[in-house]
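Each chain, written out:
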Amino acid sequence: SSSGNAISAIEDLDTANSSSIKEQILSQVANASVQNLEGSLPVAASPDVSPDDVTENENKLEQAAKKAKKHAGGMKIFSGNGNMALASDICQHLGVNLGKATVGRFADGEVNVMIHENVRGKDVYIVQPTCPPVNDNLMELLLMVSTLNRASAKKVTVVIPYYGYARQDRKMQARVPISAADVARLLEAMGVDRVVAVDLHCGQIQGFFGPRVPVDNLDGGVVGINYFGDKDLHNTVVVSPDAGGVYRAKKFKEGLAHKFDMNDVGLAMIIKQRARAGTVDRMDLVGEVKDCDCIIVDDMIDTAGTLCKAASVLKEKGARRVFAFASHGLLSGPGNDRIAHSDMEECVILDTIPSSPQRKANDKLTELSVAPLLAQSIFNIHAKKSISRLFK
């Protein structure tokens, strides 16, 4: 055959002295390659094939590509036991499968982590809030990061919707730890490459990580802005429950004005004096709320004592209706019952922390999904696109 002659001719190429012989050999190789190419053309390129068959082949290729993307793409998402439902929602928005992993306990209570997928050279994302039980979820996160690094993952990004120990961010008295910084050091020691969080209790926590570990502090308020912007509000006033949250309330106010043309939104602040941690002794209002719909904006609700007392103060000052929005609804102890029997019209939280039957039974409590925001952020990070544009 012509291809066989070409191969034998190539073997004699080193002994050929004449340039004319070399030209003949190259010509034979070219002719043989063209003949082989013509014989191996796909069926879809033949003029006898109908356009319907081409479309069917394209559909099969598209399905195969989607399957490959779900199972063997460059991005893998894993989750601990902190908030499996949120991780599944994020994967659904991204169109990928949640990574297969075992995160359980040994007989003596030690955390057992095993990854059941190949992650070598992959960009891996771990979705794990360090919410109650805080220490269990934190240990799961640390061991998952260590496991994935030892499995040769290219990059490990931890998505922490709720950052535990965030309130211990400075020394308020002698002989106490700065736990928020210590947790950051633990994550860095395990080899984290990037951190994504939602509404950190204070922005300086980003500085507890070194410059080699960038931190994206996502603004969960954009989800609340979309929700309250669609409500029929009258003389809206955004209220900060303390002096430290004025900047957060101001951003919420500006978001309503920018996105929904609510340019007459007011701003107020409550000054609270604590008797001890978790209890408030006295509250004073700075601002006017008479005959207004008030939205109390905070980053988290723990026992809801401060929030419910603030709602009562606003009602006493003549507020028409009182709403509340917070990114993290811990609702520890009597928190859920306090909201149910409070003066608030509605309390809106995000699903950064797993829900419970008691929360779902509370008619005053509304839970919004933060999954679309986190999914878009993960996509932008993976595609090397801007994160800040999500909040403009």
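Residues numbered from 1 in each chain as written. Predicted model: local features only at pLDDT ≥ 70, side-chain atom pairs only at ≥ 80, totals over all residues. Heavy atoms only, no water.

Visitor: Please provide a residue-by-residue account of the overall build of the protein chain, values included.
Guide: The secondary structure content of the protein chain amounts to 12 helices and 14 strands. Accessible surface, the protein chain: about 20,800 Å² in total, of which carbon and sulfur atoms supply 50%. (Helix = DSSP H or I, 4+ residues; strand = E, 2+ residues; numbered from the N terminus. Areas by Shrake-Rupley, 256 points an atom, 1.4 Å probe, with all protein chains shown as cover.)

Visitor: How would you summarise the pattern of salt bridges if you had to cite specific residues and measurements?
Guide: Taken as a whole and judged by the stated rule, the model has 11 salt bridges. Here Asp302 ties to Arg167 by a salt bridge, and the two come within 2.9 Å at their closest N and O atoms. Residue Asp302 is found in the loop between strand S11 (293-301) and helix H9 (305-316), and its partner Arg167 is found in the loop between strand S5 (155-160) and helix H6 (179-190); the two are separated by 135 residues along the sequence. Ionic pairing is found between Asp219 and Lys251, a salt bridge with its closest N-O pair at 3.7 Å. Linking Asp219 in the loop between strand S7 (215-218) and helix H7 (221-229) with Lys251 in helix H8 (residues 246-260), this pair joins segments that are 32 residues apart in sequence. Within this structure, Asp293, Arg320 and Arg321 form a network of salt bridges that share partners. (Salt bridge = Lys/Arg side-chain N within 4 Å of Asp/Glu carboxyl O.)

Visitor: Break down empty space enclosed by the protein for me, with residues and values.
Guide: Here the structure, examined in full by the defined rule, presents 1 cavity of 30 Å³ or more. The volume enclosed by the largest cavity comes to roughly 40 Å³. In terms of lining residues, the largest cavity is bounded by Tyr162, Tyr163, Ala166, Val198, Asp199, Leu200, His201, Asp299, Met300 and His328. (1 Å grid on protein atoms, 1.4 Å probe; cavity = no way out; pocket = protein on both sides within 12 Å on 5 of 7 lines; lining within 4 Å. Points joined across faces, edges and corners; volume = space filled by probe spheres on them.)

Visitor: Break down the packing of helix H4 (residues 84-94) against helix H12 (residues 371-382) for me, citing the residues and quoting the values.
Guide: If you want to describe how two helices pack, look at the angle between their axes and the distance between the axes. Between H4 and H12, the shortest axis-to-axis distance is 8 Å and the interhelical angle comes to 60°. With respect to each other, H4 and H12 are oriented oblique. Judged by the sense of rotation from one axis to the other, the crossing of H4 with H12 is right-handed. In this structure, H4 uses Leu86, Asp89, Ile90, His93 and Leu94 to contact H12, whose residues at the interface are Ala371, Pro372, Leu374, Ala375, Ile378 and Phe379. In the contact of H4 with H12, the residues fall into 9 nonpolar, 1 polar and 1 charged. (Axes fitted to C-alpha atoms, helices over the stretch in contact; angles between N-to-C directions. Parallel < 35°, antiparallel > 145°, perpendicular 65-115°, else oblique. Left-handed = near helix turned anticlockwise from the far one by under 90°. Contact = heavy atoms within 4.5 Å. Nonpolar A, V, L, I, M, F, W, Y, C, P; charged D, E, K, R; others polar.)

Visitor: Any details on the confidence of the model for the protein chain? Residues and values, ideally.
Guide: Per-residue confidence for the protein chain gives a mean pLDDT of 86; residues scoring 70 or more make up 82%. Considering only residues more than four positions removed or in separate chains, one finds that residues 1-19, a stretch of pLDDT under 50, has 16 contacts. Here residues 32-47 is a poorly scored stretch, pLDDT under 50, and it has 8 contacts once near neighbours within four places are set aside; other chains count. (pLDDT = per-residue confidence, 0-100.)

Visitor: Which residues make up unusual backbone geometry, and what values do they have?
Guide: Outside of glycine, negative phi angles account for most residues, and trans bonds account for most peptide bonds. In this chain, Pro132 is followed by Pro133 through a cis amide linkage whose omega measures -5°. Turning to its location among the elements, Pro133 is positioned in the loop between strand S4 (123-127) and helix H5 (134-150). In this structure, Ala304 is a non-glycine residue whose phi angle is positive, near 70°. Judged by relative accessible area, which is 4%, Ala304 ranks as buried. Positive phi values are uncommon outside glycine, yet Leu331 reaches one of about 50°. (Buried < 20%, exposed > 50% of the residue type's maximum accessible area, 1.4 Å probe, protein only.)

Visitor: Could you give an account of the nonpolar core, with specific residues and numbers?
Guide: Core analysis: the biggest nonpolar cluster contains 39 residues, and Ile77, Ile90, Leu94, Phe228, Phe252, Ile295 and Leu374 have the highest contact counts within it. Residue contributions to this core peak at 6 residues, all from H12. Ile77 has contacts with Ile90, Cys91, Leu94, Val96, Asn97, Leu98, Gly99, Tyr125 and Val127, leaving out every residue within four places of it along the chain. In this structure, Ile126, Met144, Ala166 and Val213 belong to the second largest nonpolar core, which totals 33 residues. (Core = buried A, V, L, I, M, F, W, Y, C linked by side-chain atoms within 4.5 Å.)

Visitor: Could you give an account of the packing of H7 against H8, with specific residues and numbers?
Guide: Contact geometry of H7 with H8 gives a least axis separation of 10 Å together with a crossing angle of 50°. Put simply, H7 runs oblique to H8. The element H7 and its partner H8 pack so that their crossing is right-handed. Here Gly221, Gly224, Ile225, Asn226, Phe228 and Gly229 of H7 lie close against H8, whose contacting residues are Lys251, Phe252, Gly255, Leu256, Lys259 and Phe260. Looking at the contact of H7 with H8 residue by residue, the classes come out as 5 nonpolar, 5 polar and 2 charged.

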